[in-house]
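This is what each chain is made of:
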Amino acid sequence: LTGVGVTYVILSIGIAGLLWRRKGAILPNTTLHPNLSAIQIFLIGLIGILIAAVFERAIYMPPYVWDSLAIWGLKGKLIAATGNLALLAQTAHPFYPLNIPLQLTFLYWLGENYLQIIFPVYLLSLALVVSANLQRIVGTTLALACSLFLVVTPIAQYQATIAYANLPFGFYYVASAI
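Peer 1: An account of the packing of aromatic side chains is requested, with residue identities and associated values reported.
Peer 2: Enumeration according to the criterion identifies four aromatic pairs in this entry. Between Phe106 and Trp109, the ring centres sit 5.4 Å apart and the planes meet at 75°, which makes this aromatic pair edge-to-face. You can see Phe106 and its partner Trp109 sitting in helix 4 (residues 99-110), three residues apart, about one turn around the helix. For Trp109, a relative accessible area of 51% translates into the label exposed. Ring-pair connections join several aromatic residues into one group, and the members of that group are Tyr122, Phe171 and Tyr172.

Here you go:
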């Protein structure tokens, strides 16, 4: 599932649903969960599929972009290998925040197989924070739709599969702003 293709599918489903509703048809009043409607469960399912696809791409792709190799990954590997921060003064960009290198350090200690797993977690966390905060203002269905549009955005999916700091810092900015 790529971002552009999924965007077209989601938009076409939404437009078809609006047109179907305008013609006088109503959605069945069945609930699959006592507190959620069928539309809400459908939106949660789409978000889950998209997040699972991002996790799958991040797990099976090794770090390959410059920041993950030369900045974050190198710092994380140095901290994991030496156990201290002294050697970081000689790396590229020594004054960058240590949030991501420290997270990568723990992943290096666990094994080097899933280094990029933290970035889809940031996308999932961002979708949850946006949905939870919007739910208080606009209701559950619209909050889930907004989270779906966030997750389906191609740049968000791309940032969740590479090891750049844009998505983590974006998550912290959005979470602190709302």
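Peer 1: Lay out helix 8 (residues 166-177) with the relevant residues and their values.
Peer 2: Taking 1.5 Å as the rise per residue, helix 8 with twelve residues should run 16 Å; its terminal C-alpha atoms sit 16 Å apart, in good agreement. By the burial criterion, the buried members of helix 8 are Leu167, Pro168 and Phe171. For helix 8, the angular spread of buried residues about the axis comes to 100°, placing them on one side. Exposed side chains of helix 8 directed beyond 90 degrees from the buried face belong to Tyr173, Ser176 and Ala177.

Peer 1: Describe helix 5 (residues 118-138), listing the residues and the values that go with them.
Peer 2: Structural remark: α-helix, 3.6 residues per turn; residues separated by three or four positions point the same way. Spanning 21 residues, helix 5 covers 30 Å between terminal C-alpha atoms, matching the ideal 30 Å at 1.5 Å per step. The complete set of buried residues in helix 5 reads Ile118, Phe119, Pro120, Tyr122, Leu123, Leu126, Ala127, Val130, Ser131 and Asn133. Trailing helix 5 by a residue or two, Gly139 shows a phi angle of about 100°, which is positive.

Peer 1: Account for the nonpolar core, naming residues and giving values.
Peer 2: Grouped together as the largest cluster of nonpolar side chains are 21 residues, with contacts concentrated most on Ile47, Ile51, Leu123, Leu148, Val151 and Leu167. Looking at this core, the elements with two or more residues in it are helix 2 (38-60), helix 5, helix 6 (140-152) and helix 8. Residue contributions to this core peak at seven residues, all from helix 2. The contact partners of Val151, leaving out residues within four places of it in the chain, are Ile47, Leu50, Ile51, Ala127 and Gln157. Of all hydrophobic cores here, the second largest spans 13 residues; its members include Ile71, Leu107, Ile118 and Ala163.

Peer 1: Report on the side chain of Gln40, specifying residues and quantitative values.
Peer 2: Mapped onto the secondary structure, Gln40 falls in helix 2. Since its relative accessible area comes to 9%, Gln40 is described here as buried. At 3.0 Å, the side chain of Gln40 forms a polar contact with the backbone nitrogen of Ser37. Excluding residues within four positions of it along the chain, Gln40 makes contact with Asn35, Thr140, Thr141 and Leu144.

Rules of the game
- Residues numbered from 1 in each chain as written.
- Predicted model: local features only at pLDDT ≥ 70, side-chain atom pairs only at ≥ 80, totals over all residues.
- Heavy atoms only, no water.
- Phe/Tyr/Trp six-rings, centres within 6.5 Å; stacked < 30°, edge-to-face > 60°.
- Helix = DSSP H or I, 4+ residues; strand = E, 2+ residues; numbered from the N terminus.
- Buried < 20%, exposed > 50% of the residue type's maximum accessible area, 1.4 Å probe, protein only.
- Expected span 1.5 Å × (residues − 1).
- Arc of directions from axis to C-beta.
- Core = buried A, V, L, I, M, F, W, Y, C linked by side-chain atoms within 4.5 Å.
- Contact = heavy atoms within 4.5 Å.
- Polar contact = N/O pair within 3.5 Å; in protein donor to acceptor, adjacent residues only side chain to side chain.

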